[in-house]
Amino acid sequence: MSGPAQAPDRAIRLAGIDGCRGGWIVVVIELRRGRFHRAAVKLVRRIEAAIRARPRPRVTALDMPIGLPNRLEPGGRRCDRLARRLLGRPRSSSVFSPPTRRQLADGLTLLRLPQGLTKQTFHILSKIQEVDAFLRPRDQARVVEAHPELALARLAGRPMRWNKKTRNGRRERLRALARLPLAWRRGLAPILKGQGADLARTDVAPDDILDAAALAWTAWRVYGGTAIRLPQDPPKDRRGLRMEILY
């Protein structure tokens, strides 16, 4: 697999970003001559620091809702429903439906969640709000919504069977990532083993790093023009943000 041809010495950076307790975990991939060159991992406290980093990534795949519905519908946005259908049970539960922008602005409490929103959604409301306050429609030329479980299912040829927080789940996801091209596997190996950055377990869990690595692969697929879009004709929210998930 290879992306578009590039000038010999021109470096292209791609990023996968996953939310974590300490902020956002970012796996950055550098391509040279269209091929994998090296990888790095870092923790940032604010999403703007990751997306506006210099040199700026050509594509960033972000596991967080981009575009909020005008009203809540059963199963959430169309892209959420399609993603759940592809993943099936039990991994469909990893796709969280976001609130409307008005609900996000008014504030939500755990005891009075609107029907259709889960406790998992409640716990990432601050991150949804952070992304929604920062991103504009023009940013979607470089920043896409993605989902690590879809990326891993694409790599493995099937959805993951085990919860990512379990030992079996971590092994299963490492096996899926082992299907990446050899240069990717070698470059990502230190990162997946927790090396290459001073990351405290209180800030970043091992599965956060695995998710960010899978998202970086999605960024590469987007850059190379091989990613799949859910849905193919995504609607836009009231601010003009496309509501879509790519993998």
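Everything here concerns the structure above.
Summarised in this report is the structure supplied together with it. Model, not experiment: these values are computed from the prediction.

1. Regarding the pattern of salt bridges
The final tally for this structure, using the stated rule, is 23 salt bridges. Measuring nitrogen to oxygen at the nearest pair gives 3.9 Å for the salt bridge that ties D106 to R102. Here D106 pairs with R102, and both are found in helix 3 (residues 101–106), just four residues apart, close to one helical turn. Classification of R102 by relative accessible area gives exposed; the value is 68%. Of the charged contacts in the structure, one is a salt bridge between R158 and E172, with a shortest N-O distance of 3.0 Å. Note that R158 is positioned in the loop between helix 6 (148–156) and helix 7 (167–177) and E172 in helix 7, a separation of 14 residues in sequence.

2. Examining the pairing of strand 3 (residues 35–44)
By the bridge criterion, nine bridges tie strand 2 (residues 23–32) to strand 3 in an arrangement that is antiparallel. The residue bridging V26 from the neighbouring strand is K42, located in strand 3. Counted along the chain from strand 2 to the antiparallel partner strand 3, the turn is two residues long, and its residue R33 has a positive phi close to 55°.

3. Concerning the sheet that holds strand 1 (residues 11–20)
As summarised here, the arrangement of the five strands in space is 3-2-1-4-5, forming an open sheet in which the pairing is mixed. Only two strands of the sheet have a single partner each, and these edge strands are strand 3 and strand 5 (143–145). Between one strand axis and the next, the sheet turns by 20° as a mean value, whatever way the strands run. Across five bridges, the pairing between strand 1 and strand 4 (residues 59–63) is parallel. Across the sheet, G16 pairs through a bridge with A61, a residue of strand 4. Across the sheet, helix 5 (residues 125–134) touches strand 1, strand 2 and strand 4, and the angle it forms with strand 2 is around 50°.

4. Points about the packing of aromatic side chains
Summed over all chains, the structure comprises two aromatic pairs. Considering the side-chain rings of F36 and W184, the 5.2 Å spacing of their centres and the 45° angle between planes classify their relative orientation as tilted. Pair noted here: F36 is in strand 3 and W184 is in helix 8 (residues 182–192), with a separation of 148 residues, a long-range link. W184 shares its class with F36; the two are buried. Both rings, one in W184 and one in W220, keep their centres 5.9 Å apart while their planes meet at 75°; by these two values the pair is edge-to-face. Of the two residues, W184 sits in helix 8 while W220 sits in helix 9 (residues 206–224), which places them 36 residues apart along the sequence. Each member of the pair W184 and W220 is classed as buried. Grouped by ring-pair contacts, the aromatic residues F36, W184 and W220 constitute a single cluster. Just above the ring of W24 sits the side chain of K127; from NZ or CZ to the centre is 5.4 Å.

The rules behind these values
- Residues numbered from 1 in each chain as written.
- Predicted model: local features only at pLDDT ≥ 70, side-chain atom pairs only at ≥ 80, totals over all residues.
- Heavy atoms only, no water.
- Salt bridge = Lys/Arg side-chain N within 4 Å of Asp/Glu carboxyl O.
- Helix = DSSP H or I, 4+ residues; strand = E, 2+ residues; numbered from the N terminus.
- Buried < 20%, exposed > 50% of the residue type's maximum accessible area, 1.4 Å probe, protein only.
- Pairing = 2+ DSSP bridges.
- Axes fitted to C-alpha atoms, helices over the stretch in contact; angles between N-to-C directions.
- Contact = heavy atoms within 4.5 Å.
- Phe/Tyr/Trp six-rings, centres within 6.5 Å; stacked < 30°, edge-to-face > 60°.
- Lys NZ or Arg CZ within 6 Å of the ring centre and 35° of its normal.

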